[in-house]
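Residue-level structure breakdown
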Amino acid sequence: MPSHDGHDVRDIDLAAAGRKRIEWADHQMPVLRIIRERFAKDLPLKGHRMGACLHITCETANLLRALKAGGAEVIACASNPLSTQDDVAAALVAEYGIPVYAIHGEDHDAYYNHLRAVLTARPTVTMDDGADLVSLLHTEFKDQIKEVRASMEETTTGVIRLRAMAKDGALKIPVVAVNDAQTKHLFDNRYGTGQSTLDGVVRATGVLVAGSAFVVAGYGWCGKGIALRARGLGAVVIVTEVDPIRALEAAMDGFRVMPMVEAASIGDIFVSATGDHSVLNANHFNLMKDGAFLANSGHFDVEIDLAYLNDSATKIERDVTKNVDAYHLKNGRTIHILGQGRLVNLACAEGHPAQVMDMSFATQAMASHWVATSKPLPVAVHDVPQAIEDEVASLKLAAMGIAIDTLTEEQKKYLSSWQSGT
C-alpha cells in the first residue's frame, strides 16, 4: 500500500486538464469560494488532518481546496469506483498538493486499499459519502477511533447506516448528518440528483424520454427530483413506494403510483433511488419489456439485483454502447443495465451541477469548521446547526442577486408571543 504522503492516480500528466475543470467549477461555486477566502485568513482548521472519502470530481476538488486553505492537512480517496474524474485526481496531487487515492474503474481491492491509505494518515476529522470510511475505522482501524474528533456524512445511504450504528451502540464517534441539512437535501438531492440522473440516462442511451413510461422507485428527495425532471421532459411518470405518506404525496403531485410488480410490465425506463437493496429483482425482470433500461441513482450498487441477473441471464453483452450492458433473459427478452448498476449520474455523466454542489459543500466546509473549533460533540448523529444553514442560504441568495424581506421588531415580538388572539 502506498504511504499517505504519496498518491495513486491514473496519470499525473492529466493534471493540466484537471485544473481547467476545477477552475471552471470554481466560477460556479461562489459561496464555497467566499468560505475558502475566509478560511485562508482565519485558518480555523489548522492542526487538523482531514480524511475525505468523497466522489473525486471538480466540485469536490473545490471543497478540498477550501479545507486546505483553512489550514488542514487534507488527504482524499474515492467513495465510488466509477465516480472519479481522473484528470481532477491528478490535478489535486500535482497542482494543489493534496494526496489523492482514486482511479476511475478501480476494483474492489484497490478501492479498499485507497480507504486504508486515508486512515493510515491518522485523520482527526473525516468526511464520508456512504459511510465506508467510518465503517472501516470501526473495524480495521478501531485503535484510531479516539483520535477522530468527528465525521461528516454526505449521503442519505450513509446517514441510514450511521443511524443504524448509533441505534445498535456500535457508533463510537460523533457524526454530523450533512445530508440531512436543508441546504443539502432540499436542493442537492432534489434538483441536483433530478437533473444529473436524467443526464446520465440520456447520455448513456440517447433515448427519447418524451412519451416513455418512466418508473421511479422511491419518492424521497432524490426520487422527487427525478420524477419532476422526467415529467419535465415529457415522460409518463410512475412512482413506486413502500411509505404510505410518500406514496400519497406522489399521487397528489400528479404521478401514477403502483407496486413495482405492476409497473414492471409498463415501464420503458426504470430508476431506483431508495437506498435499499434488490428494489428491482427477479420478480420484476421477467415482466419487463424487451429493451427496457434500468438505472440506479442510490449510492451503492445493490438496488438492482445484479447477482440474479449475472447467474440467470443466457447471455451478457458488456458495453453494447458505452456504459450499457445487455442482459439476455431466458424468456427471449433483453434488458439493459446502465453504469453497471452504480450511481448513474456519476457512472454515466458528470454528476451534479456545480451551482447546487456549491451549497452542499459550503455546508460541509462550515460543518467542518464547527466540529474543529467547538467543544467535543457527544457520540451521536448530529444535525447541522441552523446558524450554518441560514448563513449558507443567505450567501447563496446574495450570489444569485436575490434579496428577501426581514421581520420588524414588532413582527418578531408577535411571533414569539401567545397573548394576542382574535
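Residues numbered from 1 in each chain as written. Predicted model: local features only at pLDDT ≥ 70, side-chain atom pairs only at ≥ 80, totals over all residues. Heavy atoms only, no water.

Quick look at the sheet that holds strand β15 (residues 381–382)
The strand order across the open sheet built from 7 strands is β3-β2-β1-β4-β5-β6-β15, with neighbouring strands paired in parallel fashion. Here the strands that pair on one side only, and so sit at the sheet edges, are β3 (100–101) and β15. Against the sheet, helix α15 (residues 354–373) engages β1 (49–54), β4 (125–128), β5 (150–153) and β6 (175–177), with an angle of about 165 degrees to β5. (Pairing = 2+ DSSP bridges. Helix = DSSP H or I, 4+ residues; strand = E, 2+ residues; numbered from the N terminus. Contact = heavy atoms within 4.5 Å. Axes fitted to C-alpha atoms, helices over the stretch in contact; angles between N-to-C directions.)

Concerning the nonpolar core
Membership of the largest hydrophobic core comes to 57 residues, with the highest contact counts inside it found for Ile56, Leu92 and Val100. When residues of this core are assigned to their parent elements, the largest contribution, 11 residues, is made by α15. With 27 residues, the next largest nonpolar core counts Val216, Val239, Ala347 and Cys348 among its residues. (Core = buried A, V, L, I, M, F, W, Y, C linked by side-chain atoms within 4.5 Å. Buried < 20%, exposed > 50% of the residue type's maximum accessible area, 1.4 Å probe, protein only.)

Quick notes on the sheet that holds strand β12 (residues 315–321)
Here we have 8 strands laid out as an open sheet, ordered β9-β8-β7-β10-β11-β14-β13-β12, and mixed in their pairing. On the outer flanks of this sheet lie β9 (256–257) and β12, each paired with one strand and no other. Of the strand pairs in this sheet, strand β10 (residues 269–272) and strand β11 (residues 292–296) are connected by 4 bridges, and their pairing is parallel. By the bridge assignment for β11, Phe270 is matched with Leu294.

Brief notes about the pairing of β12
Inspection of the sheet shows β12 paired to strand β13 (residues 324–328) by 4 bridges, in the antiparallel sense. By the bridge assignment, Lys315 is partnered in β13 with His328. Hairpin connection between β12 and β13: a loop of 2 residues separates the two successive antiparallel strands, and Asn323 in this loop has a positive phi of roughly 70 degrees.

Side note on unusual backbone geometry
A positive phi angle, near 70 degrees, is found at Asn323, a position not held by glycine. Examined against the element boundaries, Asn323 turns out to sit in the loop between β12 and β13. Phi is positive for Gln340, which is not a glycine, with a value near 60 degrees. As for its position among the elements, Gln340 is in the loop between β14 (334–338) and α14 (344–347).

Focus on the pairing of strand β2 (residues 73–78)
Counted residue by residue, β2 has 5 buried out of 6 residues, so it is predominantly covered. Following the backbone out of β1, through helix α3 (residues 58–69) and into the adjacent parallel β2, one traces a crossover that is right-handed. Where β2 lies against β3, 2 bridges are found, and the strand directions are parallel. Following the sheet pairing, Ala76 is matched in β3 by Val100. Since β2 and β3 lie parallel, the crossover through helix α4 (residues 86–94) that links them has a hand, and here it is right-handed. (Right-handed = clockwise from strand over helix to strand, strands pointing away.)

Some words on helix α10 (residues 244–252)
Taking the backbone nitrogen of Ile245 as reference, a side-chain oxygen 2.8 Å away marks Asp243 as the first, capping residue of α10. Following α10 by one or two positions, Gly254 has its phi on the positive side, about 95 degrees. (Polar contact = N/O pair within 3.5 Å; in protein donor to acceptor, adjacent residues only side chain to side chain.)

By themselves, these are just geometric observations and shouldn't be taken as functional.
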